[in-house]
Structure formats: structure tokens, C-alpha cells
Amino acid sequence: RNEREGGVRAVGSVLQRRVDLHEAEGKGVDTVTMHVQADDNTQIEVYAENDGDVVFVIAGYWTGSAYDEAFAPFDELAEGGWVDKNLTDEGIAPNRVVEILMTNTDESRERIAGVRANGTTHDRFFNLHEAKDGGIEGLSLMVTADAASAIEVYSQDLNDVEFYVLGSWSDPPGVYTESAVTPLQVASTSVWEALDLTSLGIPVDAIVQFALGNWRDDKKNFTGVRQIGSNLDGRSFELHKAKDGGADFVSLHVRLKDTAQVEGFAVYPNDDTRFYPAGWWVLTSP
């Protein structure tokens, strides 16, 4: 019934690194994925406006790397097309892999937002559903800035779409390559089913970033993605219904292991649940 603020940040950080998640209409959950650097005691700081409503889930972790958090909002300069955005003022150094949160704040209409590397031609945008009764509907993705710290962004509406720089990798775990967002689907209900990535050119043993979308406008929907052969049955989220168009999204990373396949899960399969490979990492030190 109410939007709630939630956030994560490094221990000792002074950043107000939290977002106002809109209500989870029709039950289920509303989600935002954020990276955060743990300290030497494996600790972070978390923020919950209401500890009964805001829940934190660890979906994975990186080793041998360093992530510099940020929390810098910016608006688009034009709508309805891809435009350059220089991230120097947001503190991003050249050639860094950056984590960007795309948000829709319109309470009654879905909005399209996107991010991609400068000079690419990928239609790397997503239809974020309405943020009913306040708060934001969001999706975070990685994108590589160029030598001038620039990326490209897409906004359907300047009044409703806002972007946040969540951080960047000062010591990345490897090389990140973005992908065109070709949706994949599972055919079975409530069964972990193989998704084949062979045609996308993603190398075996890469770590793939997925955007998972619930397109049901009348039902919440458990959906998840995991490594082939994993026993993590709970690696899924009960995404709330996507009323009045668009989809409810969550982003997750999953590692390929000796195969170009992962496993996807959906209570409502086929067109109701779509798995979008948005990019992949080739690790420096697997």
C-alpha cells in the first residue's frame, strides 16, 4: 500500500544511497539490485524505512575486485532517442564499467529507459511499468564508459525517467561486454529449465547479467535464473504484477559453467516472463 525506502552502502560511507521503492501492487515484491563493497570484516550498511517491509537479499559476490560506490542522479537532455551523457560530473573516470539505475516515477504510465556504451547500436532499453502511488520503478545495469567518461542513455519522457550512477569498478573483476537484449523464455511452469545462450556469442565460463521481467498485468510471478546444475531453488524473486503495461524487472548475474546454458524459472512462462541477457563478464582470474 505504501512506497518504502531501502538502500545499501559501504561501512562508514556518508552517501544517502537509498531509493524509494513503490508499492508491490497485487503482493509480490518490488526490487532494485545494487552492488556494494564489503569491508575487511565482511560488513556493509543497510537502510530500511520499515523493517517489516524492506528485505535484503544477497544474490552473489565478487572476489579480487574493487567497487567504488556512488549515488548521483541525473536527468536526460532529450527524449525519444539515444543521446550522449558525460559522467565526469558524476565522478566517473574514463573507461570504467559503471552501474546505472534507470527509473520511472510516473504513477499511471509505463516508460521506456535505456543505457548503452557510446557509439553502439544495441536497442538496450526496457519498458518500466508505472510506479503507482509514489516511489520509483527501477532496473540497474552495467555499462562501459568511453575514454571521455561518456555513455548513451534513452528516455521516453524527461519528466518521468531519471537515472542514478550507483558506482563503478576501480578494479573490475574482468572485461564487460554489453549485449543486445534478445529476450529468452521458458516453456514450463514452476520448473527450472535450460536457457541456451549459444547464438548470442557469450563465451563459456562468462558471468552473464540478466534483466528478468514479469509481464503479467494481473498476477505476481516468481522468476529467477541460476547456474546449470545449481541447487539454489530459492534464487528467484516474486515480482509483483505489472499493471497498465510495461514489466516489473530485477537484474541478476549468473555464471556459465562449461556450457552456454543457464537455468531459468517462472511460475508464468512463455511471454509472461522474459529473460534478457544484457551483457557479460570474462573474468581476469576465473
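Located above this text is the structure these notes cover.
Residues numbered from 1 in each chain as written. Predicted model: local features only at pLDDT ≥ 70, side-chain atom pairs only at ≥ 80, totals over all residues. Heavy atoms only, no water.

*Asks:* How should I be thinking about the layout of surface pockets in this particular structure?
*Replies:* Taking a probe equal in size to a water molecule and rolling it over the atoms shows the remaining empty space. Of the voids in this model, the second largest pocket is the one considered here, and its volume is about 160 Å³. Taken together, Val-57, Ile-58, Ala-59, Gly-60, Leu-232, Gly-234, Arg-235, Ser-236, Phe-237 and Leu-252 form the lining of the second largest pocket. Residue composition of the lining of the second largest pocket, grouped by class: six nonpolar, three polar and one charged. (1 Å grid on protein atoms, 1.4 Å probe; cavity = no way out; pocket = protein on both sides within 12 Å on 5 of 7 lines; lining within 4 Å. Points joined across faces, edges and corners; volume = space filled by probe spheres on them. Nonpolar A, V, L, I, M, F, W, Y, C, P; charged D, E, K, R; others polar.)

*Asks:* Is there a simple way to explain the sheet that holds strand β11 (residues 161-171) in this structure?
*Replies:* The strand order across the open sheet formed by four strands is β4-β11-β6-β9, and the pairing between neighbours is antiparallel. Only two strands of the sheet have a single partner each, and these edge strands are β4 (66-75) and β9 (137-144). Strand-to-strand twist in this sheet, taken as the mean axis angle between neighbours without regard to direction, amounts to 20°. Note: strand β6 (residues 97-104) against β11, seven bridges, orientation antiparallel. Bridge pairing in β11 links Val-98 to Ser-168. (Pairing = 2+ DSSP bridges. Helix = DSSP H or I, 4+ residues; strand = E, 2+ residues; numbered from the N terminus. Axes fitted to C-alpha atoms, helices over the stretch in contact; angles between N-to-C directions.)

*Asks:* What am I meant to see in the pattern of salt bridges here?
*Replies:* Oppositely charged side chains are able to pair whenever their charged atoms sit close together. Enumeration over the complete set of coordinates arrives at 16 salt bridges. Asp-160 is paired through a salt bridge with Arg-111; the nearest N and O atoms lie 2.8 Å apart. With a gap of 49 residues between them, Asp-160 in the loop between β10 (150-155) and β11 and Arg-111 in strand β7 (residues 111-117) connect regions that are remote in the sequence. What makes Asp-160 buried here is its relative accessible area of 9%. Using a relative accessible area of 9% as the deciding quantity, one classes Arg-111 as buried. Across the pair Arg-216 and Asp-218 runs a salt bridge, and its minimum N-O distance is 2.9 Å. Assessed through its relative accessible area of 43%, Asp-218 is described here as partly exposed. (Salt bridge = Lys/Arg side-chain N within 4 Å of Asp/Glu carboxyl O. Buried < 20%, exposed > 50% of the residue type's maximum accessible area, 1.4 Å probe, protein only.)

*Asks:* Mind showing me how you'd approach the pairing of strand β13 (residues 193-196) here?
*Replies:* Regular strands place side chains that alternate from one sheet face to the opposite one. The alternating pattern of β13 places Glu-193 and Leu-195 on a buried face, while none of Ala-194 and Asp-196, on the opposite face, is buried. In the sheet, β13 pairs with strand β18 (residues 261-266) via four bridges, with the strands oriented antiparallel. When the sheet's bridge partners are listed, Leu-195 is paired in β18 with Val-262.

*Asks:* Please clarify how the sheet that holds strand β8 (residues 125-128) should be interpreted in this entry.
*Replies:* Sheet strands associate in pairs through backbone hydrogen bonding, adopting either a parallel or an antiparallel arrangement. With respect to topology, four strands assemble into an open sheet ordered β5-β10-β7-β8, the strand pairing being antiparallel. What marks the edges here is a single partner per strand, and that holds for β5 (82-86) and β8. Recorded for the sheet is a direction-independent mean angle of 30° between the axes of neighbouring strands. As defined by bridge partners, β5 adjoins β10 across five bridges and the pair is classed as antiparallel. Bridge pairing in β10 links Asn-86 to Ala-150.

*Asks:* Please explain unusual backbone geometry as it appears in this structure.
*Replies:* In the Ramachandran plot, Thr-42 falls in the positive-phi region, its phi being about 60° despite a non-glycine side chain. Looking at where Thr-42 falls in the secondary structure, it is placed in the loop between β2 (18-21) and β3 (44-48).

*Asks:* What am I meant to see in the environment of Glu-263 here?
*Replies:* Of note, Glu-263 is situated in strand β18. Exposure remark for Glu-263: the relative accessible area of 13% places this residue in the buried category. For the pair Glu-263 and Ser-230, spaced 33 residues apart in the sequence, the C-alpha separation amounts to 8.5 Å. Engagement of the side chain of Glu-263 in a polar contact is seen with the backbone nitrogen of Gly-229, the distance being 3.4 Å. (Polar contact = N/O pair within 3.5 Å; in protein donor to acceptor, adjacent residues only side chain to side chain.)

*Asks:* Is there a simple way to think about the packing of aromatic side chains in this case?
*Replies:* The description of an aromatic ring pair uses the distance of the two centres, along with the angle that the planes make with each other. What the rule picks out here adds up to 15 aromatic pairs. Pairing Trp-192 with Phe-265 gives two aromatic rings, centres 5.2 Å apart and planes at 40°, and the pair type is tilted. With Trp-192 in the loop between β12 (174-178) and β13 and Phe-265 in strand β18, this pair connects stretches of sequence that are 73 residues apart. Assigned by exposure class, Trp-192 and Phe-265 land together as buried. Through a chain of ring-to-ring contacts, the aromatic side chains of Trp-62, Tyr-67, Trp-169, Tyr-176 and Trp-281 assemble into a single cluster. Sitting above the plane of the Trp-215 ring, Arg-274 keeps its charged end 4.3 Å from the centroid. (Phe/Tyr/Trp six-rings, centres within 6.5 Å; stacked < 30°, edge-to-face > 60°. Lys NZ or Arg CZ within 6 Å of the ring centre and 35° of its normal.)

*Asks:* Is there a simple way to explain a nonpolar patch on the surface in this structure?
*Replies:* A contiguous nonpolar surface patch, about 250 Å² in accessible area, is contributed by Ile-44, Val-46 and Phe-56. Counting through the fold element by element, Val-46 comes out in strand β3. (Patch = residues over 30% accessible without salt bridge, like charges linked within 9 Å, V, L, I, M, F, W, Y side chains within 5 Å. Areas by Shrake-Rupley, 256 points an atom, 1.4 Å probe, with all protein chains shown as cover.)

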